[in-house]
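Residues per chain, in single letters:
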Amino acid sequence: MRTCGIQIDYTKMMAACIGPEHGIRPAELRGIARRGRTAALSVAAAVRTGGLGFSKLPFAGAVADEVRRVADEIAGEVDTFVVLGIGGSALGAAALHAALAHPFHNLLPREKRNRRPRVFVLDNVDPEFVAGAIDLLDFKKTAVSVVTKSGGTAETLAQCLVFLKEMRRRLGTRLTRRRVVVTTDPERGALRAFALREGYRLFSVPPDVGGRFSVLSPVGLLPAAVSGLDIVSLLDGARAAHDACLAPGLAYNPALLLAALQHISCVERGKTIAVMMPYSNALAGVADWFRQLWAESLGKRLDRAGAVVHAGQTPVRALGATDQHSQIQLYMEGPADKVITFLGVRGYRRTVRIPAAPPGDDALDYLGGATMDDLIGAEQRATALALAEAGRPSMTITLDRISPRALGALLYLFQMQTVFAAELRGINAFDQPGVEQGKRLTCAMMGRPGYGALRRGIARSDRRCASRCALSL
Ligand code: PA5
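All values reported here derive from a predicted model rather than from experimental measurement.

S.K.: What is the right way to read the packing of helix H3 (residues 61-77) against helix H8 (residues 218-226) from this model?
M.R.: Relative to each other, H3 and H8 sit at 40 degrees, their axes nearing to 8 Å. The orientation of H3 relative to H8 falls into the category oblique. Two packed elements cross with a definite hand, and for H3 against H8 that hand is right-handed. Here Val63, Val67, Val70, Ala71 and Ala75 of H3 lie close against H8, whose contacting residues are Pro218, Leu221, Leu222, Ala225 and Val226. Taken together, the residues of the contact of H3 with H8 sort by class into ten nonpolar, no polar and no charged.

Listed below in structure tokens is the structure:
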């Protein structure tokens, strides 16, 4: 099997290390192994029959070629690329950019960015944020990518209308047409018809791939390729992880193992919060992306049999070492309701040596001559150890190096972990009734035709909940 350069150490999840109250006993892992095997076989069968949409994405070489062709064309014409999308239509692109581009890519002069465009992901309709972006942009040198799987999300459609107006005003209709790319469902949704009518370039998200599983489709690939990232290696890493994640046993299948550890911790030990804490600014976006994946896929009222289960584990993102000075006190001594997953890096892409301090200053001396890599590594190990001593479970996923290939593998691993976690809990990972209800309520409140009954329902609850309990200062 091809390796992905990723190691998982779950010693500090186990009772032998952190004690029996919060730690997992080997017998518990053996206990879940049979269900894990059934889950693995059913996922493998779904993959074989093409029933697991996102698992096909790493193999879509022709799509990647087309993405690269369009990306290079765009990169040759503009200096800024703006992604308009929200949720799964934004977080993957942001995660790839944060992990693989220079940490200050957008602030570097063009020649230091390999002459590739700056990339901004605008994932909100906060008017100050949107207006601020418009202030910043030189529309003559900007291309815009509108991304919405459903083609009907109000936030993205509103942004699209705002940006199209600006672009048409400053560029005219013909040039705007060249500068807009739309990524959406190949059949459904208002946006596709609109894009076809207007003559915009179109990419498709396969119908069986939902937003939070779409990072390896053009949704994530196009912005990555525009900023010059190596999407071929990204997909190669995902393919390598794909093989590993189909093995039928906990001992060989990293995604199944991670899912089983979280499942036992949550269901048997009441660890209802899953913290992901990268010791790398570059991986903070991966933790944000994972937060949506884990929350929306597993946070469900009903299981597959229709029983009310209110399943789910609340995902939290923290950043090491920064949040040692913000969150760790709580994780160490607060409620014992968390599992911490550290994301570590064995070889950072840059080294910063700490210069020697003036002689005789003990408080500074010990740092001199070390590197920041040593320091952040020591902080990560110390935090994991301190948590273990306090009986708090954690595991560590270490990347040999943050590379496109390793990142592809990591994202794919987390998607498969999520699928297995849903299998073990008996729920559907791929629907999001809560999100859909929010979208319907937004349409109703904004006066969309056909939503009258819902609007009247909202008015009734508005009356019941009219602001009576409030305080001003
Ligand atoms: O994962 C999901 O399906 C959702 O979170 C969507 O990504 C989000 O609601 C945005 O939807 P769309 O891409 O359809 O605009």
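And the narrative resumes.
S.K.: It is not clear to me how the sheet that holds strand E5 (residues 180-184) should be interpreted in this structure. Could you clarify?
M.R.: Pairing between the strands of a sheet is mediated by backbone hydrogen bonds and can be parallel or antiparallel. Pairing within the open sheet is parallel, and its five strands lie in the order E3-E2-E4-E5-E6. Of all the strands in the sheet, just strand E3 (118-122) and strand E6 (201-204) have a single pairing partner and so form its edges. Taking each pair of neighbouring strands and ignoring which way they run, the sheet shows an average axis angle of 20 degrees. Helix H6 (residues 154-179) rests against strand E2 (80-84), E3, strand E4 (142-148), E5 and E6 of the sheet, and its axis sits at about 140 degrees to E4. Where H8 meets the sheet, it contacts E2, E3, E4, E5 and E6, and its direction lies at approximately 165 degrees from that of E2.

S.K.: I would appreciate a short explanation of helix H5 (residues 127-136) in the present structure.
M.R.: Residues three or four positions apart in an α-helix share a direction because the helix packs 3.6 residues into each turn. Those residues of H5 not exposed but buried are Val130, Ala133 and Ile134. Buried positions in H5, seen along its axis, are confined to an arc of 100 degrees and lie on one side of it. Across from the buried face of H5, at angles greater than 90 degrees, the exposed residues are Glu128 and Asp135. Buried positions along H5 lie against E3 and H6. Of the residues that open H5, the one with a side-chain oxygen 2.9 Å from the backbone nitrogen of Glu128 is Asp126.

S.K.: Sorry, what's going on with the packing of helix H4 (residues 91-100) against helix H15 (residues 404-425) here?
M.R.: Describing two packed helices takes the angle between their axes plus the distance from one axis to the other. At a minimum axis distance of 11 Å, the contact between H4 and H15 shows a crossing angle of 145 degrees. At the point where H4 passes H15, the crossing takes the right-handed sense. Along the contact surface, H4 presents Leu96, Ala99 and Leu100, while H15 presents Pro404, Leu407 and Leu411. Residue classes in the contact of H4 with H15 are distributed as six nonpolar, no polar and no charged.

S.K.: When you look at the pattern of salt bridges in this model, what are you seeing that I'm missing?
M.R.: For side chains of opposite charge, pairing can occur when their charged atoms come near one another. The tally for this structure, following the rule as stated, stands at 24 salt bridges. Here Glu296 makes a salt bridge to Arg212, at a shortest N to O gap of 3.2 Å. Taken together, the positions of Glu296 in helix H11 (residues 284-298) and Arg212 in the loop between E6 and H8 put the pair 84 residues apart, joining distant regions of the chain. Glu296 gets classed as partly exposed once you look at its relative accessible area, which sits at 24%. A salt bridge links Arg317 to Asp288, with the shortest nitrogen-to-oxygen separation between them at 3.2 Å. Taken together, the residues span a long stretch of sequence, with Arg317 in strand E10 (residues 314-317) and Asp288 in helix H11 at a distance of 29 residues. Exposure remark for Arg317: the relative accessible area of 32% places this residue in the partly exposed category. Shared partners join several salt bridges into a network, and the residues in it are Glu66, Arg69, Glu73, Glu77, Arg178, Arg179 and Arg201.

S.K.: What am I meant to see in the state of the cysteines here?
M.R.: Between two cysteines, a covalent bond joining their sulfur atoms is known as a disulfide. Inspection of the entire model under this criterion finds zero disulfides. Residue Cys4 stays outside any disulfide, its sulfur separated by 7.8 Å from that of Cys245, the closest cysteine.

S.K.: Any chance you could explain the site of the ligand here in plain terms?
M.R.: Contacts to the ligand come from 15 residues, most closely from Ser89, Ser150, Thr153, Gln292 and Glu296. Ser89 places a side-chain nitrogen or oxygen 2.6 Å from an oxygen atom of the ligand. Between an oxygen atom of the ligand and a side-chain N or O atom of Glu296, the distance comes to 2.7 Å. Bound to the protein, the ligand loses 93% of the 380 Å² it would expose on its own. Residue classes in the shell around the ligand are distributed as two nonpolar, nine polar and four charged.

S.K.: Would you mind showing me how to read the pairing of E3 here?
M.R.: Here is the key point about a regular strand: its side chains alternate between the two faces of the sheet. Across the five residues that make up E3, a large majority, four, are buried. Direction of pairing for E2 relative to E3: parallel, over a ladder of five bridges. Bridge pairing links Val83 to Val121 in E3. The handedness of the E2 to E3 crossover, carried by H4, is right-handed.

Here is what the cut-offs are and how they apply
Residues numbered from 1 in each chain as written. Predicted model: local features only at pLDDT ≥ 70, side-chain atom pairs only at ≥ 80, totals over all residues. Heavy atoms only, no water. Axes fitted to C-alpha atoms, helices over the stretch in contact; angles between N-to-C directions. Helix = DSSP H or I, 4+ residues; strand = E, 2+ residues; numbered from the N terminus. Parallel < 35°, antiparallel > 145°, perpendicular 65-115°, else oblique. Left-handed = near helix turned anticlockwise from the far one by under 90°. Contact = heavy atoms within 4.5 Å. Nonpolar A, V, L, I, M, F, W, Y, C, P; charged D, E, K, R; others polar. Pairing = 2+ DSSP bridges. Buried < 20%, exposed > 50% of the residue type's maximum accessible area, 1.4 Å probe, protein only. Arc of directions from axis to C-beta. Polar contact = N/O pair within 3.5 Å; in protein donor to acceptor, adjacent residues only side chain to side chain. Salt bridge = Lys/Arg side-chain N within 4 Å of Asp/Glu carboxyl O. Disulfide = S-S within 2.5 Å. Near = heavy atom within 4 Å. Areas by Shrake-Rupley, 256 points an atom, 1.4 Å probe, with all protein chains shown as cover. Right-handed = clockwise from strand over helix to strand, strands pointing away.

On their own, these measurements won't tell you what the molecule is for.
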